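Okay, here's what each chain looks like letter by letter:
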Amino acid sequence: MPIAGFARLWRRRRPAGGRGTDVSAADIARFATLHGAVQKALSEGDLAVLKRLATPAMTAYFAGELARLAREGRRNVVARLELLAIEPCEARREGEAQYATALLRWRAIDYVVRPAAGPGAPELVSGDPRTPVEIEEMWTFARRGAGDWLLSAIHQV
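What counts and what doesn't
- Residues numbered from 1 in each chain as written.
- Predicted model: local features only at pLDDT ≥ 70, side-chain atom pairs only at ≥ 80, totals over all residues.
- Heavy atoms only, no water.
- Helix = DSSP H or I, 4+ residues; strand = E, 2+ residues; numbered from the N terminus.
- Contact = heavy atoms within 4.5 Å.
- Phe/Tyr/Trp six-rings, centres within 6.5 Å; stacked < 30°, edge-to-face > 60°.
- Buried < 20%, exposed > 50% of the residue type's maximum accessible area, 1.4 Å probe, protein only.
- Salt bridge = Lys/Arg side-chain N within 4 Å of Asp/Glu carboxyl O.
- Pairing = 2+ DSSP bridges.
- Expected span 1.5 Å × (residues − 1).
- Arc of directions from axis to C-beta.

Peer 1: I keep staring at the environment of A100 and nothing clicks. Help me out?
Peer 2: Assignment of secondary structure puts A100 in strand β2 (residues 97–114). For the pair formed by A100 and I28, sequence separation is 72 residues and the distance between their alpha carbons is 9.8 Å. Those residues in contact with A100 that lie beyond four places of it in its chain are V23, F31, E90, A91, W139, T140, F141 and W149.

Peer 1: Would you take a moment to explain unusual backbone geometry for this structure?
Peer 2: Among all residues save glycine, negative phi is the norm, and among peptide bonds the norm is trans. The phi angle at R80 is positive, at roughly 50°, despite the residue not being glycine. Inspection of the secondary structure assignment puts R80 in strand β1 (residues 75–94).

Peer 1: Can you walk me through the packing of aromatic side chains in this structure?
Peer 2: Each aromatic ring pair is summarised here by two numbers: the centre-to-centre distance and the angle between the ring planes. Evaluation of the coordinates by the stated rule reveals four aromatic pairs. Note on F31 and F141: the rings are 4.0 Å apart at their centroids and 5° apart in plane angle, and the pair reads as stacked. Of this pair, F31 sits in helix α1 (residues 25–44) while F141 sits in strand β4 (residues 133–144), placing them 110 residues apart in sequence. Using a relative accessible area of 1% as the deciding quantity, one classes F31 as buried. Judged by centre distance (6.0 Å) and plane angle (55°), the rings of Y61 and F62 are tilted. Judged by relative accessible area, which is 46%, Y61 ranks as partly exposed.

Peer 1: I would appreciate a short explanation of the pattern of salt bridges in the present structure.
Peer 2: Pairing is possible between side chains of opposite charge, provided their charged atoms come close. A full pass over the atoms with the stated rule returns 13 salt bridges. A salt bridge links E72 to R74; the shortest N-O distance between them is 3.9 Å. Taking the relative accessible area as the measure of exposure, R74 reaches 31% and is therefore partly exposed. A salt bridge links E87 to R105; the shortest N-O distance between them is 3.4 Å. Separated by 18 residues along the polypeptide, E87 in strand β1 and R105 in strand β2 bring together distant segments of the chain. Here the residues in one salt-bridge network are E65, R68, E72 and R74, joined through shared partners.

Peer 1: Help me understand the side chain of T101, please; the structure alone is not making it clear to me.
Peer 2: By the element assignment, T101 lies in strand β2. If near-sequence neighbours (up to four positions away) are discounted, T101 is found in contact with E87, P88, C89, E90, R92, M138, W139 and T140.

Peer 1: I keep staring at the pairing of strand β5 (residues 150–156) and nothing clicks. Help me out?
Peer 2: A regular strand places its side chains so that they alternate between the two faces of the sheet. Bridging between β4 and β5 involves six bridges; their strand directions are antiparallel. In the strand pairing of β5, T140 is matched with A153. Hairpin connection of β4 to β5: five residues between the antiparallel strands, including G145 at a positive phi of 55°.

Peer 1: So what exactly am I meant to see when it comes to helix α3 (residues 56–71) here?
Peer 2: For an α-helix the count is 3.6 residues per turn, leaving residues at separations of three or four pointing the same way. The first and last C-alpha atoms of α3 sit 22 Å apart over 16 residues, in line with the 22 Å expected at 1.5 Å per residue. For α3, the complete set of buried residues consists of M58, T59, F62, L66 and L69. Considered in projection along α3, the buried side chains sweep an arc of 100° and stay on one side of the axis. Looking at α3, the residues exposed on the side facing more than 90 degrees away from the buried face are P56, A57, A60 and R71. Count one or two residues on from α3 and you reach G73, which has phi positive near 70°.

Structural data, given as structure tokens:
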């Protein structure tokens, strides 16, 4: 989606107390790109990509989740991802670090399978591979100076 298309997805809010930074349309576009890339990498179990998209603490969390799924012989599949809205909630600076938190509303097919050992379809463990679910999460992004935004935290709403 072009950056201009994000105007309908978000509404700018000023941080409480006036301390913080503005979140630009380009930042919102980057958050949307990160959201899609993170979901794709998680669905594919691609920790190398997640390391480029997230802070070390968030990458460690993802590594633990992917390892747990692997031990259980399961895979979380996310497909047909559709970002419905991004609503910035807070932006702040701490020294050279900049943080922005946004409410993300999205829809996707989200289910867990146990891959088949031989020929045949994988076994469905949970979720529904035909019916999309809607999800709301608070995502916090961080960057140093003018560097790239990275995913720093996810909080369920």
